[in-house]
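Architecture at a glance
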Amino acid sequence: MPNGSSIERMKKSHLGWMLLFLILCISSYLQAQNELWGIDGSEWTPTSPIPDFSFAGYHQGEIEIPNRKVEVSVVDFGAVGDGKTDCSAAFAKAINESGGRVIGVPPGIYILSDRIRIEAENTILKGAGVGETILHFEKGLQEVDPTTSTTGGGVQTNSWSWSGGIITIGTAVGDASPKTPIVKPATRGQRTLSVQGQGDLNTEDVFIVQLIDDTQSSLFKYLYRGRAGDISLMKGKRFKVSQPIKIEKIDGTKIHLNRPLRFDVEQRWKPVLLRKKIAAQEIGICDLTIRFPKRKYRGHWMEDGMNGLQIQGINNWAKNIRIQNCDSGVFVKGLWNTVDGLIIESKRDEHSSGNSGHHGISLQGSDCLISNFKIRTKFYHDVTVSSSSVGNVFSQGEGIDLCIDHHRAAPYENLFTQIHVGKGSRVWKSGGSAGKGLHTASGATFWNIDSEEPFSLPPEDFGPGGLIFVGLNTRSIDRSEIPEGWHFDDIKPGSVQPANLYRDQLKHRINTLPKP
């Protein structure tokens, strides 16, 4: 039987092992911190290489998507969910006569032969669940509303190949006049601007800071930090970049913004403040399936417009949606729009390329958010950002062999975080017409990206300096392989802290807001 001194030694030994274990845990935790972000944003400033993504999504992430009760039903307008009756007229009547209300769609299969537009503010189309309410569209957009168009490479096609939804939520956002000139330079990260007069400036409306390129494409080159690549197709284009803001305070000709600037402001880019025309807001769709027939996919630029959703406007949303057998899943435009809880799957025969459609999810707006998504089929472009894509976020998603498509023409400061790409054989496969710059401009951020098999970093012609790669399941990377200006942290996915950069940035900002 151990004596008292033996017991004391055992206690000390046990305590020593506990302390060592604690030290190792803390060391491991600290090693998993990114030096640009730190613990809970301790190392971050508005001028840091990591952009501020915390303003993405519905009401800039500060308000939850509403869960309102059904007020009226499509059945009241003649819809029958028997899988046989054409309910197009009944749905149109319900939407046209129930603006501002929650329109319920009870369990059933509803046959539709026309597109649906929901444009009245505060209107919600609400099903009984993705497994209960099925909207079966018999036709694609090209059959309902034929168009013709040409790709950047001169291929004849239709505009539904890369835009539009059989269900459209919201209306396009326009600009109100007059323009308020910005009269002094400002730098990225700054939160004040000097303007010429006060015009229609106020602290209630949404404004954008807009820059327009000059004849030397100096703005375009700036977004690429001086390494834009081939920009032959951009010459002579009236290229613009903008950032939505709200004004916190007006102090004579000096205005205080609610957020840091994403870019420098220079007089050669004719900087102005524009008040946005308030498009219909608070429009939503939730808890249902959008289904198309099981037609074989015909191939790239041969789509019939069997596209699920297009969301546009400001502060509009979709939640708990399943889309089946589509040419393209979701197109998101506008400002501060959110899609949360999206499943895209296909039971149609694939094209010989192995793809079942063109675009899975395409974010073409500013500060929009896609969260909790699952893409259970392959598209030419699974998730896409392109020209006019600024400050958008793809958060917490997965695919079977996801490609993170950057479609050229200066997508700027977009985030992909906490994503499992599946197999990992085509992570960086990207499209877009040559002559419109490298695939992405500066600020593209990839944080906690996992896969079944390790993958490489993208090739050097993917993007310029200012790209951020943290917590990726990459093969062994030699520092000499990393292009100049790229930030790469060799932290494994699952270990990196925080696991989700968007959520941590949002929490960091909310915690620093003034208390009411």
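Since this is a predicted model, take the numbers as computed values, not measurements.

About the criteria used
Residues numbered from 1 in each chain as written. Predicted model: local features only at pLDDT ≥ 70, side-chain atom pairs only at ≥ 80, totals over all residues. Heavy atoms only, no water. Helix = DSSP H or I, 4+ residues; strand = E, 2+ residues; numbered from the N terminus. Rg over C-alpha atoms; globule rule 2.2 N^0.38 Å. Buried < 20%, exposed > 50% of the residue type's maximum accessible area, 1.4 Å probe, protein only. Contact = heavy atoms within 4.5 Å. Lys, Arg positive; Asp, Glu negative; His and termini not counted. Charge placed at Lys NZ, Arg CZ, Asp CG, Glu CD. Phe/Tyr/Trp six-rings, centres within 6.5 Å; stacked < 30°, edge-to-face > 60°. Salt bridge = Lys/Arg side-chain N within 4 Å of Asp/Glu carboxyl O. Pairing = 2+ DSSP bridges. Axes fitted to C-alpha atoms, helices over the stretch in contact; angles between N-to-C directions. Patch = residues over 30% accessible without salt bridge, like charges linked within 9 Å, V, L, I, M, F, W, Y side chains within 5 Å. Areas by Shrake-Rupley, 256 points an atom, 1.4 Å probe, with all protein chains shown as cover.

This paragraph deals with the overall build of the protein chain. Tallying secondary structure elements over the protein chain gives five helices and 31 strands in all. A compact globule built from 516 residues would reach a C-alpha radius of gyration of about 24 Å, and the protein chain, at 25 Å, matches this within 12%. Overall, the C-alpha framework of the protein chain stretches about 85 × 70 × 50 Å when taken along its three principal axes. Looking at the protein chain as a whole, 56% of its 516 residues are labelled buried. The long-range fraction of contacts in the protein chain, counting pairs at least 24 apart against all pairs at least 6 apart in sequence, stands at 68%. Side-chain charges in the protein chain split into 58 positive and 56 negative, and the spacing between the mean points of these groups amounts to 1 Å.

A complete count under the given rule lists 17 aromatic pairs for this structure. Ring geometry for Phe 220 and Phe 239: centres 5.0 Å apart, planes at 85°, overall edge-to-face. Highlighted residues: Phe 220 in helix H4 (residues 218–223) and Phe 239 in the loop between H4 and strand S14 (240–245), separated in sequence by 19 residues. Both residues of the pair, Phe 220 and Phe 239, belong to the buried class.

Moving on, we get to the pattern of salt bridges. According to the stated counting rule, one finds 22 salt bridges in the structure shown. Ionic pairing is found between Arg 275 and Asp 200, a salt bridge with its closest N-O pair at 2.9 Å. Of this pair, Arg 275 sits in strand S17 (residues 272–276) while Asp 200 sits in the loop between strand S12 (192–194) and strand S13 (207–212), placing them 75 residues apart in sequence. Given the relative accessible area of 18%, Asp 200 is considered buried. Between Glu 413 and Arg 262 there is a salt bridge; the shortest N-O distance is 2.7 Å. On the criterion of sequence distance, the pair formed by Glu 413 in the loop between strand S27 (404–406) and strand S28 (415–420) and Arg 262 in the loop between strand S16 (254–257) and S17 is long-range, its members being 151 residues apart. Residues Glu 413 and Arg 262 agree in their burial class; the two are buried. If you follow the salt bridges from partner to partner, you end up with Arg 188, Arg 259, Arg 262, Asp 367 and Glu 413 in one network.

So, on to the sheet that holds S27. The strand order across the open sheet formed by seven strands is S5-S10-S19-S21-S23-S25-S27, and the pairing between neighbours is parallel. Lying at the two open borders of the sheet, with one neighbouring strand each, are strand S5 (116–118) and S27. On average, adjacent strands in this sheet sit at an angle of 20° to one another, irrespective of strand direction. Pairing of strand S10 (residues 167–169) with strand S19 (residues 307–311) involves three bridges; the strand directions are parallel. Residue pairing for S19: Ile 167 is matched across the bridge by Leu 309.

Quick look at a positive patch on the surface now. A contiguous patch of positive charge, built from Lys 179, Arg 238, Lys 240 and Lys 270, is present on the exposed surface. Classification of Lys 240 as partly exposed rests on a relative accessible area of 42%.

Another point: the environment of Lys 221. Mapped onto the elements of the fold, Lys 221 is located in helix H4. When the C-alpha positions of Lys 221 and Gly 437 are compared, they lie 8.8 Å apart, and in sequence the two are 216 residues distant. Aside from chain neighbours lying at most four places away, what touches Lys 221 is Gln 216, Gly 226 and Ile 231.

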